[in-house]
Amino acid sequence: MGIKGRDFLSAADINAEEALALFELAKRYKEQRHAKIEHDEPLKGKKVAMLFQKPSLRTRVTFELAVHELGGYPVILTQSEVGLGQREAVKDVARNLDRWVDAIVARVFEHETLVEMAEWAKAPVINALSDLEHPCQAVADLFTLWEIWGDVRNRNLTFVGDGFNVAHSLLLLCATLGVNCTVATPKGYEPKEAIVLKAKEIASKSNAQIVITNDPIEAVRNAEALYTDVWASMGQEAEAEKRKRDFARFQVNTQLLKHAPSGVFVMHCLPAHRGEEITDEVLDATFSLAWEQAENRLHAQKALLAKILGGD
Ligand code: CP
Ligand code: NVA
């Protein structure tokens, strides 16, 4: 039972019970860290490789600290040294790492790379962001809302922006946890159909409402949490100017917030492109959860590693 020994490539890889168990453990780790109380070290003697094909601040720092604080040893690898899929075939890198470490955390361009690594490594593979999903982010985000709301079922989260990796994982985890999820994107930037279908299938059991729309104003009318992400993700820099035009109506600003209920929280996975998808005023507001989300990456990933590697 539980997620011990399992890969975590998609937010749909965990069920509601497993997600809530992660939140409970993350809460405990958070309290212990704030109180400067030593906690158990379920990763004692375990080594975790972390491979980054793209830049990172939050994921890199929080995973490295997470492994360290749980008593394990992190090995950080960048694309320039490993040359995943270039200097060496993906399956060969996976088979090598598998001989040395107990888990592989990887941030990749193509999701398929993670799937291939998971196929060839017996060690669990954890998705630290791909072009399809960012499931560790979603766990930290829903943990952040669970801390505020307690029972998250039937609450309303609206994502306004690009229907890409972050939106995909949010859709799936919201569906699992019974959180109503609305995603508003410009035409042509909707979330992938396979993800929406999967989210709807999961939501049919949890009674969550999944709505995809091109109308940002309608989308925020019932929002209790309003989430956004950059318009041009890592790897899409060449499209940045076109995207600025296409997404102009989708900026999270004071004007858009006028259409949302009072008390709405604003969320962002960061990094933010201030003045594009979100204004300074909104990102820096007291109702912005961005910094809490960033902190919670650490606690949530500690819980994830402890469950996958330690079986706590
Ligand atoms: N939110 C997030 O994953 O940030 P980084 O890209 O800095 O890791
Ligand atoms: N969608 C963004 C998320 C960064 C954490 C990207 O892929 O660059």
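Above this text you will find the structure in question.
Sequence positions are assigned chain by chain, starting from 1 and proceeding in written order. Throughout, the order in which chains and ligands are written sets their labels, letters from A for the former and numbers from 1 for the latter. Reporting of local features is limited, given that this is a predicted model, to residues whose pLDDT is at least 70; pairs of side-chain atoms are given and counted only at 80 or more, and all residues count toward the totals for whole chains, interfaces and linings. Side-chain measures here rest on the full set of heavy atoms in the structure, leaving out hydrogens and waters.

When a carboxyl oxygen of Asp or Glu is within 4 Å of a side-chain nitrogen of Lys or Arg, the pair counts as a salt bridge. Summed over all chains, the structure comprises 21 salt bridges. R153 is paired through a salt bridge with D151; the nearest N and O atoms lie 2.9 Å apart. Of the charged contacts, one joins K242 and D246 as a salt bridge, the two residues approaching to 2.7 Å between their closest N and O atoms. Residue K242 and its partner D246 are located together in helix α10 (residues 240–246), separated by four residues, close to a single helical turn. We call a residue buried when its accessible area falls under 20% of the maximum for its residue type, exposed when it is over 50%, and partly exposed in between, using a 1.4 Å probe and counting protein chains only. Judged by its relative accessible area of 27%, D246 is partly exposed. Each helix is a run of H or I in the DSSP string that is no shorter than four residues. Each strand is a run of E no shorter than two, and both are numbered from the N terminus.

Here we come to the site of ligand 1. Within the structure, ligand 1 sits among S56, L57, R58, T59, R107, H134, Q137, C269, L270 and R297. As used in this structure description, the phrase polar contact means that two N or O atoms lie within 3.5 Å; if the pair is within protein, one of them must be able to donate a hydrogen and the other to accept it, and residues adjacent in sequence are counted only when both atoms belong to side chains. Within the contact set of ligand 1, an oxygen atom lies 2.6 Å away from a side-chain nitrogen or oxygen of S56. In the environment of ligand 1, an oxygen atom lies 2.8 Å from a nitrogen or oxygen atom belonging to the side chain of H134. Shrake-Rupley sampling with a 1.4 Å probe provides the accessible areas, and residues are treated as covered by the protein chains on show and by no other component. Expressed as a share of its isolated accessible area of 260 Å², the protein-covered part of ligand 1 is 95%. Charged means Asp, Glu, Lys or Arg here, nonpolar means Ala, Val, Leu, Ile, Met, Phe, Trp, Tyr, Cys or Pro, and polar covers whatever is left, Gly included. Looking at the shell around ligand 1, its residues break down into three nonpolar, four polar and three charged. A molecule or strand has a residue near it when one of that residue's heavy atoms lies within 4 Å.

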